[in-house]
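Listed below, chain by chain, are the residues.
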Amino acid sequence: MKANCWTGRNSVEVQDVPEPSILNSRDAIVRITSTAICGSDLHLLDGYVPTMEKGDIMGHEFMGEVVEVGSGISDGKPRVGDRVVVPFPIACGACASCHAELYSCCENTNPNAGISEKFFGHPTAGIYGYSHLTGGFAGGQAEYARVVFADVNALKIESDLTDEQVLFLSDILPTGYMGAEMCDIQEGEVVAVWGAGPVGQFAMDSARVLGAEKVIAIDKETYRLEMAAAQGYTTINFEDTDVRSALLELTGGRGPDKCIDAVGMEATHGASHVHLYDRAKQAVRSETDRPHALRQAIMSCRSGGVVSVIGVYGGMIDKFPAGAWMNRSLTLRTGQCHVQKYMKPLLGLIEQGKIDPTRVITHRLPLTEAPTGYDLFKNKKDRCEKVVLKP
């Protein structure tokens, strides 16, 4: 089969690879009908997530048709012929974390838990197509994929919604929603979102659904800010505006009630000297992540507010403003998304027309053109916001 594979830093290639097979009784094989390139994939492409190996199949946002199931899949669970969306974190459904609906912290699905534990203190769940740090599972930018614990990790789609309406239930829509939910938004509050990429756009939509009076989008790409403005959100371009000053002006000097970091480890900064400082430290691996957005969110949030972090961070950062965080009674909440918790409720919001996931799609390409898709997305060419691949 064809699959998009990591072949080295800043290099992916569509290759012929063996088709997946059932390895455990609760596995299923899915014929991929739609998959996507995620901003998190760029961290792998750029070499900032360790333990990638040449030939690893990329991709953790995918859906398709079940073509084979293991003997341990019980009645009422995915069957051959079902149309399913697959969440990116792999959950066993039985451990303490899964029972607490902390699915991305599952204690049983990462076969490389020892490596993960060294990086993070405790192991995390397995993730499709996201390095051997998270299990080395083959990803979904392929013609077929093995779905692990399919009775827990495959949402059956029974309506006539299109692939593009439901595909993002696999990751970016639940991630954006969780970012807003962690803010505990109250009616009438102001929410600022750093990053107007796909996850940031969905965090904005979710903040509005959850009751925010004003949503502010912060980015430097004009087309992303235009996309946010078209939804009625206030925009700030950090390349020509001092973000903190603008936020204070928009909020009567108090700062936003809630702040969402939807950027993560490869953030840029409007001041070139600040950006170059962290960029250089990251390049020589004296720090793994660039914390511009996180620092700015903490310094800008009103006292007693919440900073919600859904941008991906992988290791150590420098100049974390612990003093501002502690002295101003800020709450910092974060996590890889517990996708399984949100899939059904968000499917309901899509069916009700309250959220339109298709609005972020700008490019549709065949799987064979995946490297082109990565180039468009990484380098923000042709106003690229989100790429959907069709095997």
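Just so you know, these numbers come straight off a predicted model, no measurement behind them. (Residues numbered from 1 in each chain as written. Predicted model: local features only at pLDDT ≥ 70, side-chain atom pairs only at ≥ 80, totals over all residues. Heavy atoms only, no water.)

Student: What's the story with the overall build of the protein chain in this structure? I'm lost.
Tutor: For the protein chain, the count of helices and strands is 13 helices and 17 strands. Rg of the C-alpha trace for the protein chain: 20 Å, near the compact-globule value of 21 Å for 391 residues, within the 12% margin. Projected onto its principal axes, the C-alpha coordinates of the protein chain cover approximately 60 × 45 × 45 Å. For the protein chain, the exposed surface amounts to about 15,600 Å²; the carbon and sulfur share of it is 49%. (Helix = DSSP H or I, 4+ residues; strand = E, 2+ residues; numbered from the N terminus. Rg over C-alpha atoms; globule rule 2.2 N^0.38 Å. Areas by Shrake-Rupley, 256 points an atom, 1.4 Å probe, with all protein chains shown as cover.)

Student: So what exactly am I meant to see when it comes to the packing of aromatic side chains here?
Tutor: Using the criterion set out here, one finds six aromatic pairs in the structure. An angle of 45° between the planes, with centres 6.2 Å apart, marks the rings of Phe-168 and Phe-202 as tilted. With Phe-168 in the loop between α4 (163-166) and α5 (172-181) and Phe-202 in helix α6 (residues 198-209), the pair connects residues that are 34 residues apart, well separated along the chain. Taking relative accessible area as the criterion, Phe-202 reaches 0% and is therefore assigned buried. Ring geometry for Phe-320 versus Trp-325: centroids 5.7 Å apart, planes at 80°, classification edge-to-face. Relative accessible area serves as the criterion here: at 30%, Phe-320 is assigned to the partly exposed category. It is Arg-9 that lies over the ring of Tyr-48; its NZ or CZ is 5.5 Å from the centre. (Phe/Tyr/Trp six-rings, centres within 6.5 Å; stacked < 30°, edge-to-face > 60°. Buried < 20%, exposed > 50% of the residue type's maximum accessible area, 1.4 Å probe, protein only. Lys NZ or Arg CZ within 6 Å of the ring centre and 35° of its normal.)

Student: What should I look at first to understand the packing of α5 against α6 in this one?
Tutor: Angle between the axes and distance between the axes are the two parameters that describe a pair of packed helices. In contact at an axis separation of 7 Å, α5 and α6 are set at 50° when each is read in the N-to-C sense. Considering the angle they form, α5 stands oblique to α6. For the crossing formed where α5 meets α6, the hand is right-handed. Residue-level contacts link Ile-172, Leu-173, Thr-175, Gly-176, Tyr-177 and Ala-180 of α5 to Pro-198, Val-199, Phe-202, Ala-203, Ser-206 and Ala-207 of α6. For the contact of α5 with α6, the residue count by class is nine nonpolar, three polar and no charged. (Axes fitted to C-alpha atoms, helices over the stretch in contact; angles between N-to-C directions. Parallel < 35°, antiparallel > 145°, perpendicular 65-115°, else oblique. Left-handed = near helix turned anticlockwise from the far one by under 90°. Contact = heavy atoms within 4.5 Å. Nonpolar A, V, L, I, M, F, W, Y, C, P; charged D, E, K, R; others polar.)

Student: I would appreciate a short explanation of the UniProt feature "domain: Alcohol dehydrogenase-like C-terminal" (unreviewed entry) in the protein chain in the present structure.
Tutor: The sites that UniProt annotates as "domain: Alcohol dehydrogenase-like C-terminal" (unreviewed entry) are residues 198-268. As a span, residues 198-268 carries 41% helix and 20% strand, and end to end its C-alpha atoms are 17 Å apart. (UniProt positions renumbered as here; feature names shortened; annotations may be inferred.)

Student: I'm lost on a nonpolar patch on the surface in this one. Help?
Tutor: On the surface, Ile-115, Phe-119 and Phe-120 cluster together into a nonpolar patch covering about 250 Å² of accessible area. One can find Phe-119 in helix α3 (residues 113-120). (Patch = residues over 30% accessible without salt bridge, like charges linked within 9 Å, V, L, I, M, F, W, Y side chains within 5 Å. Salt bridge = Lys/Arg side-chain N within 4 Å of Asp/Glu carboxyl O.)

Student: It is not clear to me how unusual backbone geometry should be interpreted in this structure. Could you clarify?
Tutor: Here Thr-51, not a glycine, exhibits a phi torsion of approximately 75°, which is positive. The exposure class of Thr-51 is partly exposed, given its relative accessible area of 26%.

Student: Even after reading the chapter, I still don't get the UniProt feature "domain: Alcohol dehydrogenase-like N-terminal" (unreviewed entry) in the protein chain, so can you show me in this structure?
Tutor: UniProt's entry tags residues 26-147 with the feature "domain: Alcohol dehydrogenase-like N-terminal" (unreviewed entry), counted in the numbering of this structure. Helix makes up 16% of residues 26-147 and strand 25%, whereas the separation of the span's terminal C-alpha atoms amounts to 9 Å.

Student: Which parts of the structure should I look at to understand the state of the cysteines?
Tutor: When the sulfur atoms of two cysteines share a covalent bond, that bond is a disulfide. Here the structure, examined in full by the defined rule, presents zero disulfides. The thiol sulfur of Cys-105 is not disulfide-bonded, and the nearest other cysteine sulfur, from Cys-95, lies at 9.0 Å. Here Cys-301 is not cross-linked by a disulfide; its sulfur's nearest cysteine counterpart is in Cys-259, at 4.0 Å. When its relative accessible area of 2% is taken as the criterion, Cys-301 is described as buried. (Disulfide = S-S within 2.5 Å.)

Student: Even after reading the chapter, I still don't get the pairing of strand β4 (residues 62-69), so can you show me in this structure?
Tutor: Within a regular strand, the side chains alternate between the two sheet faces. Across seven bridges, the pairing between strand β3 (residues 28-37) and β4 is antiparallel. If you follow Ala-28 over to β4, its bridge partner there is Val-69. In terms of strand pairing, β4 meets strand β5 (residues 83-86) through four bridges, oriented antiparallel. Bridge pairing in β5 places Glu-65 opposite Arg-83. (Pairing = 2+ DSSP bridges.)

Student: Help me out: how do you make sense of α5 in this one?
Tutor: In an α-helix, one full turn covers 3.6 residues, which means residues spaced three or four apart are oriented alike. Judged by how many residues are buried, α5 sits mostly within the fold: nine of ten residues are covered. Listing the buried residues of α5 in full gives Ile-172, Leu-173, Pro-174, Thr-175, Gly-176, Tyr-177, Met-178, Gly-179 and Ala-180. Its buried side turned inward, α5 meets α6, β13 (258-261), β14 (306-309) and α12 (339-351).

Student: Is there a simple way to think about α12 in this case?
Tutor: Look at α12: 18 Å from first C-alpha to last across 13 residues, which is about the 18 Å you get at 1.5 Å a residue. At Pro-345, α12 shows its largest kink, close to 30°. Of all the residues in α12, the buried ones are Val-339, Gln-340, Tyr-342, Met-343, Leu-346, Leu-347, Gly-348, Leu-349 and Ile-350. Just beyond α12, the residue with positive phi is Gly-353, at close to 80°. (Expected span 1.5 Å × (residues − 1). Bend = angle between axes of the 7 residues up to and from the residue.)

Student: When you look at the side chain of Ser-116 in this model, what are you seeing that I'm missing?
Tutor: Along the chain, Ser-116 turns up in helix α3. For Ser-116, a relative accessible area of 0% gives the class buried. Only 3.1 Å separates the side chain of Ser-116 from the backbone nitrogen of Thr-124, close enough to count as a polar contact. Once residues lying within four places of it in the same chain are set aside, the contact partners of Ser-116 are Asn-110, Gly-121, His-122, Pro-123, Thr-124 and Leu-133. (Polar contact = N/O pair within 3.5 Å; in protein donor to acceptor, adjacent residues only side chain to side chain.)

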